[in-house]
Amino acid sequence: WEYSHPDGYVSLNQGCAQRLENGNTLISWGGVANHGQIITEVDESENIVLEFEYPEDNYSYKVRKSSWEFNINLMEADLNLDDNVDILDIIVTVDFILLGEGEDPDPFYLYKSDLDKSGGVDILDVLLILNIIFEEGIFQLLKKI
């Protein structure tokens, strides 16, 4: 079996493929010049059924598709994982900003705190957390009326 991408992608390194249970094939194109990681899923007739590309300079040597189960909640802004967005989450976010974001933020903080999806955690994200708390508070007050 072989597959050539319609856009002519050629991996310079690190590409891989996985045959899926449904007969589709998941392809990681590895290092394609002037692109970030490109991932394509094709069906048995070589139709693209899923494709996405990460920003340039974002790569992975291997990609796998499987059933995902998480042991933590995926609620954005709930950094202390207590199933609530509150002042404690703001404290954790501010601590992260002041003490340790560095050049490569931890993916946990990017998912949970980077609410404006800027690629970093900053004061704008704290303001968005405050907005979540405010909106939830207003909603709870209206429920009581």
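Residues numbered from 1 in each chain as written. Predicted model: local features only at pLDDT ≥ 70, side-chain atom pairs only at ≥ 80, totals over all residues. Heavy atoms only, no water.

**Focus on the confidence of the model for the protein chain**
Where we set the bar: How sure the predictor is of each residue is captured by pLDDT, a score from 0 to 100. Secondary structure elements follow DSSP: runs of H or I no shorter than four residues count as helices, runs of E no shorter than two count as strands, and numbering proceeds from the N terminus.
Scored by pLDDT, the protein chain comes out at a mean of 86, with 94% of its residues at no less than 70. Between the elements of the protein chain, mean pLDDT differs from a low of 83, seen in helix α2 (residues 107-113), to a high of 94, seen in strand β2 (residues 25-28).

**Looking at the environment of Pro6**
Inclusion rule: Any residue under 20% of the maximum accessible area for its type is buried, any over 50% is exposed, and the rest in between are partly exposed; the area is computed with a 1.4 Å probe on protein chains only.
Structurally, the position occupied by Pro6 is in the segment before β1 (16-19). According to the relative accessible area criterion, Pro6 is exposed, its value standing at 62%. Distance from Pro6 to Ile48, taken between C-alpha atoms, is 9.6 Å for residues 42 residues apart in sequence.

**Some remarks on the packing of aromatic side chains**
This is how the line gets drawn: Ring pairs are drawn from Phe, Tyr and Trp, using the six-membered ring of Trp, whenever the two centres fall within 6.5 Å, and their geometry is named by plane angle: stacked under 30 degrees, edge-to-face over 60, tilted for the rest. A positively charged side chain is recorded as over a ring if its NZ (Lys) or CZ (Arg) lies within 6 Å of the ring centre. The angle to the ring normal must also be within 35 degrees.
Taken as a whole and judged by the stated rule, the model has 6 aromatic pairs. Taking 5.8 Å as the distance between ring centres and 70 degrees as the angle between the ring planes, the aromatic pair formed by Phe52 and Tyr54 counts as edge-to-face. By relative accessible area, Phe52 is classed as partly exposed at 37%. Judged by relative accessible area, which is 40%, Tyr54 ranks as partly exposed. One aromatic cluster is present, built from ring pairs that chain together Trp1, Tyr3, Tyr9 and Trp29. Sitting over the ring of Tyr111, Lys117 keeps its end group 5.8 Å from the ring centre.

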